[in-house]
Protein chains: 2
Amino acid sequence: MDGVRGLGGDATALRKLNTARVLRVLHRAGAVTLTELTKATELSRSAVEGAIEELLATGLVTEVEPVSGGPRPLGRPARRFRFRIDAGHVLGVHVSPHKVYAVLGDLHGEIVETRRVELTPDLPGPERLVRLRRTAHQCLQAAGITKDDLWAVAVGTPGLVGRTGKISLCSVLDGWTGLDLAGELGAHFPCPVLVENDANTAAMGERWRGVARDIDDVVCVLADHKLGVGVVIDGRVHRGSHGAAGELGALPNSPWAAANDFLVNSEHDPARVFADPRAAAEVADFVEALANGIATMALAVDPELVVLGGVIADCGPALLERLSARVPGLCLTPPRLVLSELVDDAVALGALRVALDEAEKRLFAISAS
Amino acid sequence: MDGVRGLGGDATALRKLNTARVLRVLHRAGAVTLTELTKATELSRSAVEGAIEELLATGLVTEVEPVSGGPRPLGRPARRFRFRIDAGHVLGVHVSPHKVYAVLGDLHGEIVETRRVELTPDLPGPERLVRLRRTAHQCLQAAGITKDDLWAVAVGTPGLVGRTGKISLCSVLDGWTGLDLAGELGAHFPCPVLVENDANTAAMGERWRGVARDIDDVVCVLADHKLGVGVVIDGRVHRGSHGAAGELGALPNSPWAAANDFLVNSEHDPARVFADPRAAAEVADFVEALANGIATMALAVDPELVVLGGVIADCGPALLERLSARVPGLCLTPPRLVLSELVDDAVALGALRVALDEAEKRLFAISAS
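Residues numbered from 1 in each chain as written. Chains lettered and ligands numbered in written order. Predicted model: local features only at pLDDT ≥ 70, side-chain atom pairs only at ≥ 80, totals over all residues. Heavy atoms only, no water.

On to the sheet that holds strand S6 (residues 111–118) of chain A, then. All names here are of chain A. With mixed pairing, the five strands of this open sheet are ordered in space as S6-S5-S4-S7-S10. Both outer strands of the open sheet, S6 and strand S10 (193–197), are each paired with one neighbouring strand and no more. Recorded for the sheet is a direction-independent mean angle of 15° between the axes of neighbouring strands. With respect to the sheet, helix H5 (residues 125–143) is in contact with strand S4 (89–95), strand S5 (99–106), S6 and strand S7 (150–157), its orientation differing from that of S6 by roughly 145°. Lying over the sheet, helix H12 (residues 346–363) contacts S4, S5, S6, S7 and S10, oriented at roughly 145° with respect to S7. (Pairing = 2+ DSSP bridges. Helix = DSSP H or I, 4+ residues; strand = E, 2+ residues; numbered from the N terminus. Axes fitted to C-alpha atoms, helices over the stretch in contact; angles between N-to-C directions. Contact = heavy atoms within 4.5 Å.)

Our focus in this paragraph is the relation of the copies chain B and chain A. You can overlay chain B on chain A at an RMSD of 0.1 Å; the transform is a turn of 180° with a shift of 0.1 Å along its axis. The relationship between the two copies is best expressed as a two-fold rotation axis. When each C-alpha of chain B is compared by its distance to the rotation axis, B:Ala300 comes out closest, at 3.3 Å. When you check the interface residues of chain B against chain A, 100% turn up at the interface there too, and the contact is symmetric in its surfaces. (Least-squares fit on C-alpha atoms with pLDDT ≥ 70 in both.)

Let us look at the side chain of A:Asp224. Residues and elements named next belong to chain A. For Asp224, the location among the structural elements is in the loop between strand S11 (218–223) and strand S12 (227–233). Salt bridges are absent for the buried Asp224, whose nearest opposite-charge side chain, Lys99, sits at 5.6 Å. Discounting residues that sit within four places of it in the chain, Asp224 has contacts with His94, Ser96, Pro97, His98, Asp198, Leu263, His268 and Val311. (Buried < 20%, exposed > 50% of the residue type's maximum accessible area, 1.4 Å probe, protein only. Lys, Arg positive; Asp, Glu negative; His and termini not counted. Salt bridge = Lys/Arg side-chain N within 4 Å of Asp/Glu carboxyl O.)

Mapped onto this numbering, the UniProt entry gives "domain: HTH marR-type" (unreviewed entry) at residues 18–65 of chain A. For residues 18–65 of chain A, the helix share is 69%, the strand share is 12%, and the end-to-end C-alpha distance is 25 Å. (UniProt positions renumbered as here; feature names shortened; annotations may be inferred.)

So, about the confidence of the model for chain A. Residue and element names in this part refer to chain A. Put simply, chain A has an average pLDDT of 89, and 93% of its residues get 70 or more. When mean pLDDT is taken per element in chain A, S4 scores highest with 98 and helix H1 (residues 2–8) scores lowest with 36. Throughout residues 1–9 the model reports pLDDT below 50, and contacts reaching past four residues in sequence, or to other chains, amount to seven contacts. (pLDDT = per-residue confidence, 0-100.)

What follows covers helix H11 (residues 317–326) of chain A. Residue and element names in this part refer to chain A. The set of residues buried in H11 consists of Leu319, Leu320 and Leu323. Looking straight down H11, one finds that the buried residues subtend no more than 100° of arc, so they occupy a single side. The exposed residues of H11 that point more than 90 degrees off its buried face are Pro317, Glu321 and Ala325. Lining the buried residues of H11 we find helix H9 (270–274), helix H10 (280–301), strand S14 (305–310) and strand S15 (336–339). (Arc of directions from axis to C-beta.)

Each partner contributes residues to the interface: chain B has 52 residues there, and chain A has 52 residues. Of the roughly 4000 Å² buried where chain B meets chain A, counting both sides, 60% is carbon and sulfur surface. Put simply, chain B and chain A have two salt bridges between them. Note that B:Asp234 and A:Arg236 form a salt bridge whose closest N and O atoms lie 2.9 Å from each other. In this structure, the connection of chain B to chain A is made through 20 residue pairs in polar contact (both at pLDDT 80 or more). Breaking the side of chain B that touches chain A down by element, the ones donating at least two residues are helix H1 (2–8), helix H2 (11–28), helix H4 (45–58), strand S12 (227–233) and helix H10 (280–301) of chain B. A total of seven residues in the side of chain B that touches chain A trace back to one element, the largest contributor, which is H10(B). (Buried area = accessible area lost by both parts, 1.4 Å probe. Polar contact = N/O pair within 3.5 Å; in protein donor to acceptor, adjacent residues only side chain to side chain.)

Another point: the pairing of S15(A). All names here are of chain A. Both S14 and S15 contribute to a ladder of four bridges, which runs parallel. From the neighbouring strand, Val306 faces S15, where its bridge partner is Leu337. Where the polypeptide runs from S14 across H11 and back to S15, its parallel neighbour, the crossover connection is right-handed. (Right-handed = clockwise from strand over helix to strand, strands pointing away.)

Here we take up the environment of B:His242. Tracing the chain through its elements places B:His242 in the loop between strand S13 (236–237) and helix H8 (255–265). Residues B:His242 and B:Leu160, spaced 82 residues apart in sequence, show a C-alpha to C-alpha distance of 7.5 Å.

Okay, the side chain of A:Ser254 next. Structurally, A:Ser254 can be placed in the loop between strand S13 (236–237) and helix H8 (255–265). What A:Ser254 contacts, discounting residues up to four positions off in sequence, is A:Leu248 and A:Gly249.

When the terminal C-alpha atoms of helix H12 (residues 346–363) of chain B are compared, their 25 Å separation across 18 residues agrees well with the 26 Å that a helix rising 1.5 Å per residue should span. Across the 18 residues that make up H12(B), a large majority, 14, are buried. (Expected span 1.5 Å × (residues − 1).)

The following block contains the structure:
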């Protein structure tokens, strides 16, 4: 008996671990029976039963109709349970010079509603903030939920973003430098609000639902109003100490500066100029500048993949071909180059993923034993 | 009873967790009593007793003499236990154009022996490999142990190192390009052998025992025969997909190229030239090139700290002062700059840390439950 008593002090911690393990299986699977859960978790049947009782009480799990006429025609049909993916929601928002785009997801990250509002680049900061909140609320309303149903909100924005979600520098949005965006939104949402640089968020979006799926070291070049660079290392966004990782444009005589000029001169429609044979010289300069910037990031970080996102993705395979011909000559170990397929959606989807990560942290949180 | 039986299936996994928890406390602490262990681990006394029995059987833990005349003058003195830091050893080695330097440590990372052999930069590769092995063995011999007592060996070397410890490119050591260094050494040591780029290893050394202690995002500029850059992100070496992270020197017209020329022209004694008033123009070019390279890494990775290591650290505070005056003008969020104090020892110490990490992984390994 002494051994059993010895285990007693840790029984609560163990029960929490068991519950988390059962929840993880339910979260991944559809409707499952106790027998299937016992097999998948490798826990005892009574431990699974205890976990299910706890999870039913939290509302995270629900019992579904048994399947009649199934493999147990003679006995009582087996009870089945499933994770309630609508037990909570998460919201990802992209705020940019041109728009606010809000994407609402369930706890599996499936999109249940979106809302997009066009804005002008010169909109004053306070007004942009109002539009951001309004668009978010309209998105919730359209889905028939309230902000109390949200488990997390994440926003992708241009600018240098500090660890607490304050924007220390933003050259493209009025009133954004110095704005405590996480604080401002946190006052309106009763859940955690996270703020992330748009290029970093785009990189997360590409890794989750785009061309960088399952790749751990990714650099994402995002051409929105300006060129930005998002860095994912070991599967996680690398912000750097001041939220400034990837800000190559700040270096005097940086190659990004010339590439940015091309974006501005093309009125943010580089694809149109790229296809214009009279603009061959400008296009050549643009390709050279972009190749140099990509090579610099490749030499500094050595990613497996570089994703070209935002409006430059519209230039299509011809851009990819020209960059692929140039980048290998500029660095030791050239990364794979690929065009974004998510293009304009990458930032909002990445923000949704960031919000979902926060929600899953809460979902699977177990107290330290 | 059903609840207790429900826990039964996980009792083995739980016992392993308990043993690992007790071992962690013993590994950190000196000699401790069962009561102290019970308090520190928050386990039941019988669980601690069970763990101690297991650990005594493995030889990792030993019982020490009880303290008489202590706080229990009337009763039997409490039994005390300690982790046997000499239950195994780890070896860190720096191989460079000029030397092999081997550092032997116990399982706490305390240095128990060192051995250093000077080499010439033009030594043929196979001969350098023989010297490396010989120096390692002499180091073990001097400490009175054999290679069977080693839990891990790690080597810091110039060149691009792949994940399996094969060197894909090395421009400074003969015969090193294409060498499977981990494989060659693995045939001689019955423990894991890890190989790491020297600048990365130096960064780990600085983080463990040098000026970058407890800092998670660090860039280490190592001037040995050439300039190298080591990158630590989130406390871990960032190698990149091809082991090429930080290889800025490969970019055409790279600032590193000019800084490298200064190293070569000074015959790898930059401090001598740096202090020579007749070399003011070369020194100014060197500072400008170095500042540009540091700013590029700062913009790409945004580290909290940049460590200047190897022979450039010998240039002293005057170099630091000139770089500190220049770097902030070249990047948005300038990192702190600091001179290495470990200088020539950083790579070997970092290799020792890498070997120790491998040994601790083995030490605390618990089977997946």
